[in-house]
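# Analysis of the macromolecular model
Chain residues, written in single-letter form:
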Amino acid sequence: MDYIQPRPSSIVAALYTARDLEVEVAILHGPSGCSFKHARLLEEDGMRVLTTSLADNEFIFGGQAVLERVLKGAEKDFAPKRMAVVGTCVSMIIGEDLQAAIDASGVETPTIAIDIHAGFRENIQGVLAALEPAAAIGWISADELERQRRLLAAANEVERLRGAASRSYIEPSRGDLKHVAARRLINLAREGKRGVAVMNAKKETAYMFADELLALHDACPDAEITYIANLEDRGLPKVRADAARVLQGMREAGLDPELLGALDEYGANGDAIGERIREIEPDFALIVGVPHAVPPEYTAGVEVVSVTNGPRQVAPLREMGHAAVVVEVDLHPKTLGVRSIVESEFGAVVRSIARGE
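Within the protein chain one finds 15 helices and 10 strands. Taken over the C-alpha trace, the protein chain has a radius of gyration of 22 Å; the compact-globule value for 357 residues is 21 Å, and the two agree within 12%. For the protein chain, the proportion of its 357 residues judged to be buried stands at 52%. Within the protein chain, contacts between residues separated by at least 24 positions form 74% of all contacts whose residues are at least 6 apart in sequence. Counting only carbon and sulfur atoms, one obtains 48% of the accessible surface of the protein chain, whose full area is about 15200 Å². Charged side chains in the protein chain number 39 positive and 54 negative. The centres of these two groups are separated by 3 Å.

Moving on, we get to helix α4 (residues 64-78). Its 15 residues give α4 an end-to-end C-alpha distance of 21 Å, which sits within 8% of 21 Å, the value for a rise of 1.5 Å per residue. Of the residues one or two after α4, A79 is the one with positive phi, at around 45 degrees.

Each pair of packed helices can be summarised by the angle the axes make with each other and by the distance between the axes. At a minimum axis separation of 10 Å, helix α10 (residues 206-219) and helix α11 (residues 237-252) run at an interaxial angle of 25 degrees. Viewed along their axes, α10 and α11 adopt a mutual orientation that is roughly parallel. The two elements α10 and α11 cross, and the hand of that crossing is right-handed. In this structure, α10 uses A206, Y207, A210, L213 and L214 to contact α11, whose residues at the interface are D242, R245, V246 and M250.

Counting 77 residues, the largest nonpolar core has I114, M199, L231, L286 and F346 as its most contacted members. By residue number, the principal contributor to this core is α10, which donates 10 residues. Apart from residues no more than four positions distant in its own chain, F346 is found in contact with K178, A181, A182, L185, E212, L286, V305, V307, V326 and E328. Of all hydrophobic cores here, the second largest spans 14 residues; its members include V66, A74, M83 and V107.

Our next topic: the pattern of salt bridges. Using the criterion set out here, one finds 29 salt bridges in the structure. Here D45 ties to K238 by a salt bridge, and the two come within 3.7 Å at their closest N and O atoms. Taken together, the residues span a long stretch of sequence, with D45 in the loop between α2 (36-44) and β2 (48-51) and K238 in helix α11 at a distance of 193 residues. K238 matches D45 in its accessibility class, with the two residues each being buried. With a shortest N-O distance of 3.4 Å, R339 and D45 are connected by a salt bridge. In this pair, R339 is assigned in the loop between α14 (331-335) and α15 (345-354) and D45 in the loop between α2 and β2, connecting sequence segments 294 residues apart. By relative accessible area, which is 39% here, R339 ends up partly exposed. Residue class for D45 comes out buried when judged on its relative accessible area of 5%. Via salt bridges that share partners, R19, D20, D45, K203, E204, K238, D242, R245 and R339 belong to a single interconnected network.

Each value, and the rule that gives it
Residues numbered from 1 in each chain as written. Predicted model: local features only at pLDDT ≥ 70, side-chain atom pairs only at ≥ 80, totals over all residues. Heavy atoms only, no water. Helix = DSSP H or I, 4+ residues; strand = E, 2+ residues; numbered from the N terminus. Rg over C-alpha atoms; globule rule 2.2 N^0.38 Å. Buried < 20%, exposed > 50% of the residue type's maximum accessible area, 1.4 Å probe, protein only. Contact = heavy atoms within 4.5 Å. Areas by Shrake-Rupley, 256 points an atom, 1.4 Å probe, with all protein chains shown as cover. Lys, Arg positive; Asp, Glu negative; His and termini not counted. Charge placed at Lys NZ, Arg CZ, Asp CG, Glu CD. Expected span 1.5 Å × (residues − 1). Axes fitted to C-alpha atoms, helices over the stretch in contact; angles between N-to-C directions. Parallel < 35°, antiparallel > 145°, perpendicular 65-115°, else oblique. Left-handed = near helix turned anticlockwise from the far one by under 90°. Core = buried A, V, L, I, M, F, W, Y, C linked by side-chain atoms within 4.5 Å. Salt bridge = Lys/Arg side-chain N within 4 Å of Asp/Glu carboxyl O.

In short, geometric facts, not functional conclusions.
Shown next, in the form of structure tokens:
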């Protein structure tokens, strides 16, 4: 399919993966503006992102000497435990050897070279470009690398079938009104209908999506609702740490959900969640995070309220038969750098309606 809407960048995917590998300093080898927004966001999450700031002179004569200087300076100034050099379109076009620069710099910090550029249709190439050298250096096992390959393929397939990559262009939408969807959920629960509330979140987005399950539990503590969350202990270091924090936060708030899947298994978790929904036989469902991972045949006859952070995901979810689709705008920036559950807009509305406000 030829896309005419923007798609995620493989360079950015590499940066986020470096963060999940507990890299403390990432060096973008390219122009100063490359991936600027995400570089700033990742600094909020604790990873320093530097750039070699290549200009037209280096475009012609190469920038290895510049990269070596930045590597030395980063090691001296920040004393990181791990570093990564991340390629860009410029470094690829001029044929820079990132590993040669690392070796020549003389840095002693364990450092990986991530040979990547933005010329891939699927951003999972950036994830693999980071994971493969990480496995080679011993940061992850060969088994974990293969597990990640399977998960990435599954996530890609979900997006192709029912996500933002399912067509050439999808009109962005803010979804349904939050107070209307919240009132319907509360009414169903208080009428004695059987419900299920599922979080199938992608990595750190769980810090906010978990709040929506907590809000429903706060509003209807005695309702017949089964709570499920993908917070099992698997994945890259940061992913596992995030899952543990979110689960602890939910338990401290009085909700101990069933665990089904891990935070990096959101794309591969759909059938397992669907089978569990079938076992429960609910009248209604709240599905948050990556709701389109659950194939529609599992929710046929169930009144589904779904919550996503993707404006382009609204139309596909409605086509799947979801009764209401809510969008948490700017969720991702609000969950970077946090270490505890963050109140969601939808959760705040649910609580307000439950209090009669």
